[in-house]
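Coordinate analysis (summary)
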Amino acid sequence: MIKRFTVFLILLALAAIFAQLLFDYVPDSSLNQTGRYYAENAADEVGAANIVTAIIVSYRGLDTLGEVTVLFLTAAIIGLVLSRDRSQQQTAPEAVNRPGPGELLVTGSYLLAPLILLFGAYIFINGHLTPGGGFQGGAILASAILLLLLTRPVKHFSHRLITLLESVSGLVFVIVGVLGIILAGGFLDNRILPTGQLGELLSAGTIPIIYSFIGLKVGAEFSSMLIRLAETEDN
Amino acid sequence: MEHIALATGFLLILIGLYGALTQRDILRMIVAFTIANTGVNLVLVAVGYIRGRSAPIINDNLPAAEATARMIDPLPQALVLTAIVIGVGITALMLAYAYKLYILRGSLDISKIKELKW
């Protein structure tokens, strides 16, 4: 009872703080200093039509490298936590008699999975032009893998292939970043390739390359998480 | 408009925290945390919104010369993109640990786990 009361008090205090913030909030009528810098200079300096992408891949590219590293760590820890007891349980006979996937699901996944993969690739290749990018495209790639996992729960996906894809993508990301130090202004500088015409597919220097590899890496990481979780469920 | 989005975000944070503090089942706590996470993202995006302006993508409708006067703040959106991705990672980690805990204890009730209780 006391516990409930404490929770209620904490939430009430937070609600009071939030109400204060909400009622005192005055919406900006113009961009602040940082936003104005990006709005004025992103198109000229980076050449990406999508300014959010310009910030993520170029201006704050180092943060994105850290973010991808966090995701890699997450996937690695999940593999570590879940695979250990998988090996313990594999000695037990797999006597699970589950009904197979339905006809609709199987046929539908054969039709949809390639289309979803293609759509994911489209999203991350056009990340510098349209709302989208590596992280969104990678999540879409992983959703195709999820569909395949639902269709064929027993089939084992190749962990080695996924790990290889992820490692190569991460390595390319870092190598392009280091090339930026040698050939252009600094780490992850995208101007080692010509920035081109604003709004063209082949523009914005190395941003399409970096974002495509981020997409592959994120897709591989999400897929490996999903596959690990699905494999533990099988036992 | 901004106030509606902000209020919804704050409400989601409160609902999420309420769930995380009162539920005993670990899976429900994880769901509550993701709700609170969504609320934080909503608040951040709402702060970057400026009334009557368009998305920060330069095209025929928004030439680069007019970008400063006609686009919303791109920085919170970049921040929230990062936050969403990290949120997925955190959720996946929590689920993996919950599974491990279930294997070890045979239960997902947090009141039965007393090692760290003081």
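Residues numbered from 1 in each chain as written. Chains lettered and ligands numbered in written order. Predicted model: local features only at pLDDT ≥ 70, side-chain atom pairs only at ≥ 80, totals over all residues. Heavy atoms only, no water.

1. Regarding the overall build of chain B
What counts is decided by this rule: Starting at the N terminus, helices and strands are each numbered in turn, a helix being any DSSP run of H or I of at least four residues and a strand any DSSP run of E of at least two. Only protein chains enter the area calculation, which uses a 1.4 Å probe; residues under 20% of their type maximum are buried, those over 50% are exposed, and those in between are partly exposed. Two residues form a contact once any of their heavy atoms are found within 4.5 Å. Here the open area of atoms and residues is found with the Shrake-Rupley method and a 1.4 Å probe, where only the protein chains shown may cover a residue. Counting rule for charge: Lys and Arg are taken as positive, Asp and Glu as negative, and neither His nor the chain ends is counted. Each charge is placed at NZ for Lys, CZ for Arg, CG for Asp and CD for Glu.
The number of helices and strands found in chain B is 4 helices and 0 strands. If one aligns the C-alpha atoms of chain B with their principal axes, the spans along those axes are about 60 × 25 × 20 Å. Here chain B, with 118 residues, has 40% of them falling under the buried criterion. In chain B, of all internal contacts separated by at least 6 residues, the share reaching a separation of at least 24 is 55%. When the accessible surface of chain B is split by element, carbon and sulfur atoms take 69% of a total near 6600 Å². For chain B, the distance from the average site of its 10 positive side-chain charges to the average site of its 7 negative ones is 14 Å.

2. Structural notes on the overall build of chain A
Put simply, the rule is: Within these notes, the globule rule equals 2.2 Å times the number of residues to the 0.38 power, and the radius of gyration is based on C-alpha atoms.
Per the secondary structure count, chain A includes 8 helices and 0 strands. The N-to-C order of helical and strand elements in chain A reads α-α-α-α-α-α-α-α. Against the 2.2 N^0.38 benchmark of 18 Å for 235 residues, chain A shows a C-alpha radius of gyration of 23 Å, more extended than a compact globule. Based on the C-alpha atoms only, the size of chain A along its principal axes is roughly 65 × 55 × 35 Å. Looking at chain A as a whole, 43% of its 235 residues qualify as buried. Put simply, 70% of the contacts in chain A that link residues at least 6 apart link residues at least 24 apart.

3. What to know about helix 6 (residues 134-151) of chain A
Here is the rule: Multiplying 1.5 Å by the helix residue count minus one yields the expected span of that helix.
End to end, helix 6 of chain A covers 26 Å across 18 residues, agreeing with the expected 26 Å (1.5 Å per residue, within 8%). With 13 of 18 residues buried, helix 6 of chain A is to be regarded as a mostly interior element.

4. Examining the packing of helix 2 (residues 26-48) of chain B against helix 4 (residues 74-105) of chain B
All names here are of chain B. The following threshold applies: Angles here are taken between N-to-C directions and fall from 0 to 180 degrees, while the axes themselves are lines fitted to C-alpha atoms, restricted in helices to the stretch in contact. Roughly parallel means an angle under 35 degrees; roughly antiparallel, over 145; roughly perpendicular, 65 to 115; everything else is oblique. Residue classes follow a fixed rule: Ala, Val, Leu, Ile, Met, Phe, Trp, Tyr, Cys and Pro count as nonpolar, while Asp, Glu, Lys and Arg count as charged, and any other residue, Gly among them, counts as polar.
Relative to each other, helix 2 and helix 4 sit at 175 degrees, their axes nearing to 10 Å. With respect to helix 4, the axis of helix 2 lies roughly antiparallel. Contacts between helix 2 and helix 4 involve Ile-26, Leu-27, Ile-30, Phe-33, Thr-34, Asn-37, Asn-41, Leu-44, Val-45 and Gly-48 from the former and Pro-76, Leu-79, Val-80, Ala-83, Ile-84, Gly-87, Thr-91, Met-94, Leu-95, Ala-98 and Leu-101 from the latter. Residue classes in the contact of helix 2 with helix 4 are distributed as 15 nonpolar, 6 polar and no charged.

5. A closer look at the side chain of Ser-58 of chain A
Residues and elements named next belong to chain A. Relative to the helices and strands, Ser-58 resides in helix 3 (residues 51-59). Overall, Ser-58 belongs to the buried group, its relative accessible area being 15%. Beyond its immediate chain neighbours, meaning those up to four positions away, Ser-58 contacts Val-46, Thr-53, Leu-188, Asn-190 and Ile-207.

6. Quick word on the pattern of salt bridges
All names here are of chain A. Let me state the cut-off plainly: Between Lys or Arg on one side and Asp or Glu on the other, a salt bridge is scored when a side-chain nitrogen of the former is within 4 Å of a carboxyl oxygen of the latter.
This structure, assessed with the given rule, holds 3 salt bridges over all chains. One salt bridge connects Arg-60 with Asp-63, and the closest N-O pair in it is separated by 3.0 Å. For Glu-166, the salt bridge identified is with Lys-217, shortest N-O distance 3.9 Å. Of the two residues, Glu-166 is situated in helix 7 (residues 159-183) and Lys-217 in helix 8 (residues 207-234); the sequence distance between them amounts to 51 residues. Each member of the pair, Glu-166 together with Lys-217, is buried. Among the charged side chains, a salt-bridge network with shared partners connects Glu-166, Lys-217 and Glu-221.

7. A word on the packing of aromatic side chains
The test is simple: Geometry of aromatic contacts follows a simple scheme: Phe, Tyr and Trp rings, the Trp one being its six-membered ring, pair when their centres are within 6.5 Å, and the pair is stacked under 30 degrees between planes, edge-to-face over 60, tilted otherwise.
Applying the stated criterion across every chain yields a total of 4 aromatic pairs over all chains. On the numbers, 4.4 Å between centres and 15 degrees between planes, the contact of Phe-18 of chain A with Phe-10 of chain B is stacked. Of the two residues, Phe-18 of chain A sits in helix 1 (residues 2-24) while Phe-10 of chain B sits in helix 1 (residues 2-22), which places them in two different chains. For Phe-10 of chain B, a relative accessible area of 8% corresponds to the buried category. Each ring, one from Tyr-37 of chain A and one from Tyr-59 of chain A, has its centre 6.2 Å from the other, and the planes form 70 degrees; the classification is edge-to-face. Residue Tyr-37 of chain A is found in helix 2 (residues 33-45), and its partner Tyr-59 of chain A is found in helix 3; the two are separated by 22 residues along the sequence.

8. Some thoughts on the nonpolar core
Which entries qualify depends on this criterion: By convention a nonpolar core is built from buried Ala, Val, Leu, Ile, Met, Phe, Trp, Tyr and Cys residues, the set being connected through side-chain atoms within 4.5 Å.
Ranked by size, the top nonpolar core spans 46 residues in total, and within it Ile-56, Phe-135 and Ile-214 of chain A carry the most contacts. Elements with a minimum of two residues in this core: helix 2, helix 3, helix 4 (61-89), helix 6, helix 7 and helix 8 of chain A together with helix 4 of chain B. Excluding anything up to four places from it in sequence, Ile-56 of chain A contacts Gly-61, Thr-64, Phe-135 and Tyr-211 of chain A together with Ala-78 and Leu-81 of chain B. Judged by nonpolar contacts, the second largest core, of 11 residues, contains Leu-11, Leu-22 and Tyr-25 of chain A together with Leu-6 of chain B.

9. Some details on helix 1 of chain A
An ideal rise of 1.5 Å per residue puts 33 Å on 23 residues; helix 1 of chain A measures up with 33 Å between its terminal C-alpha atoms. Buried residues belonging to helix 1 of chain A abut helix 1 of chain B.

10. A closer look at the interface of chain B and chain A
Many authors give the size of an interface as the accessible area that is lost as the parts come together. Heads up, the condition is: Accessible area that two parts lose when put together, evaluated with a 1.4 Å probe and summed over both, is termed the buried area. Polar contact criterion, stated in full: a pair of N or O atoms within 3.5 Å, where within protein one must be able to donate a hydrogen and the other to accept it, and residues adjacent in sequence count only if both atoms are side-chain atoms.
Counting residues at the interface gives 42 residues for chain B, matched by 49 residues for chain A. With both chains or domains summed, chain B and chain A bury close to 4100 Å², and 76% of this area falls on carbon and sulfur atoms. On inspection of chain B and its partner chain A, the count reaches 0 salt bridges. One can count 5 residue pairs in polar contact (both at pLDDT 80 or more) joining chain B with chain A. Residue assignment for the side of chain B that touches chain A shows that the elements contributing at least two residues are helix 1, helix 2, helix 3 (67-70) and helix 4 of chain B. With 17 residues, helix 4 of chain B is the single largest residue contributor to the side of chain B that touches chain A. Taken together, the residues of the side of chain B that touches chain A break down into 31 nonpolar, 6 polar and 5 charged.

11. Structural notes on the confidence of the model for chain B
So the rule is basically this: A residue's pLDDT is the predictor's confidence in that residue, given on a scale from 0 to 100.
Confidence in the prediction for chain B averages 86 pLDDT; 98% of positions are at 70 or higher. Scored by ipTM, the complex comes to 0.80, with pTM at 0.81.

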